[in-house]
Every structure is written in C-alpha cells, then in structure tokens.
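Survey of secondary and tertiary structure
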Amino acid sequence: MAETLDFASPLLPFVDARKAFRHEQKVAGYLPLTSLKNLSAMLADTDGTVEAVLSFRFDQDRRRRIDGELWATVNVQCQRCLEPVQISLGERFELAVVSTEAMAKELPAALDPWLSDEETLSPADIVEEQLILCMPIVSTHTQCDAAIVQDVLEKGVGIEHSDQAEEKQASNPFSVLATLKNRSDKH
Ligand SMILES: [Zn+2]
C-alpha cells in the first residue's frame, strides 16, 4: 500500500501517549523555526521551517518507540567571518519513551531515551531536541574554512582538529603552504 506523507500542514502539537503507540500513529508536518525557542538561540536567524515525520509503535520488547526523520535548512553564524552560512540538516532518530533515568540506562545503545511520564507527548519538543543534537558544533563557509587552514599555518592560531593533524602540519608546513598558493594561483 502506497503511503503519502503530507508536510503541508503544521505538525500536531500533542499526541495522546496512551493511544499513539497502540494505534501505531504516524504524524508528519512542518514547524516554523521561530516556534523552536531553544534552537533559535543557536541560529543566525529563524527563517524557514523543519519538516518531520514521527512513527509511534510498540517494538517486540514492548518498548514505546518513536522512530522519525527530520529535514531542515537553517542559517547559522560562520565561525570565521561571522556572516550567516546556510546548512542543510537531515537526521533519522530512534527513541524509546522511558519514565525514569534507570529505564533509560537499560536501553540498547541503538536507542536514545525520551524521558516522559506525561499522558501527552509533544512532537515539536521531540523534533526540536533531535534538531539541536544534529547541529554541527562549528560551521564555516567553504572559502572561510580554507582561510582558517592558512591562519593555522601562518600564525599558529585557529582550530586544531587533532594531534595528528597538528604534527603533520608542523613537520612540513611549507609543502602545505605551497599547495595553498598553487590553488589560489589557478583561480
Ligand atoms: Zn564565513
């Protein structure tokens, strides 16, 4: 049976936690980024929406599962030039609803806990948290990224990705500089 998901409507604000899993409820829709207050603090602006689908069911171990996927294009601040840079996010998630921290610790590694003992669940809260978790720690424009590498080589400042990368640069800084120079000469 073909299934069509409708992302043209806003995501349901609440689902009934007692029914959603038993009835294998599936919700799909969008949320304006302006409505996601915790996420907004991490963004350069709140233009745009996130689209998401969430499926509720009991798995074979009678766990209350929420499996879902989200898609969003957001503007964040480039860590180099401080101008907005657009990034696309897509994430699948597999959650198990638990009512205590102890239950959360017993989950298999593949499942993330969603702590709740409420009679309703908020798809928006779930989507916002998953979106925050998949945000990159540092974002830069592609051209700014190249400039950071140059800064590290010339002034020894910037972001060190690992000890190994540092060693490699320290052992042969001039060949890397030559590569960078060749690259800019071609443009
Ligand atoms: Zn930049």
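This write-up is about the structure you can find in this document. (Residues numbered from 1 in each chain as written. Predicted model: local features only at pLDDT ≥ 70, side-chain atom pairs only at ≥ 80, totals over all residues. Heavy atoms only, no water.)

**Here we look at the sheet that holds strand β3 (residues 49-58)**
Worth spelling out the cut-off: We call two strands paired when DSSP finds no fewer than two bridges between them. Every helix listed is a DSSP run of H or I at least four residues long, and every strand listed is a run of E at least two residues long, numbered separately from the N terminus. Axis lines are fitted through C-alpha atoms, for helices just across the contact stretch, and the angle between N-to-C directions can take any value from 0 to 180 degrees.
Pairing in this open sheet of 5 strands is mixed, and the strands run β2-β3-β4-β5-β6 from one edge to the other. Either end of the sheet is taken by a strand with one partner, and the two such strands are β2 (26-32) and β6 (112-115). Between one strand and the next, the sheet's axes are offset by a mean angle of 30°, whatever the strand orientation. Here 7 bridges tie β2 to β3, and the two strands are oriented antiparallel to one another. Considered in β3, the bridge of A28 is made with V53.

**Structural notes on the coordination of the zinc ion**
Quick reminder of the rule: Coordinating N, O and S atoms are those within 2.8 Å of the metal (3.2 Å for Na, K and Ca), and as water is not part of the atoms, a site may appear to have fewer donors than expected. A site with four donors is called tetrahedral when every donor-metal-donor angle falls between 85 and 135 degrees; four donors are called square planar, and six octahedral, when opposite donors sit more than 155 degrees apart and all other angles fall between 65 and 115; any other arrangement is irregular.
Around the zinc ion, the protein contributes the donor atoms C78 (SG), C81 (SG), H141 (ND1) and C144 (SG), at 2.0 to 2.4 Å from the metal centre. Around the zinc ion sit 4 donor atoms; with metal-centred angles ranging over 103 to 116°, the donor geometry is tetrahedral. Donor residues for the zinc ion, ordered by position in the chain, follow C-x2-C-x59-H-x2-C. With C81 in the loop between β4 (64-77) and β5 (84-98) and H141 in the loop between α4 (123-133) and α5 (142-155), this pair connects stretches of sequence that are 60 residues apart.

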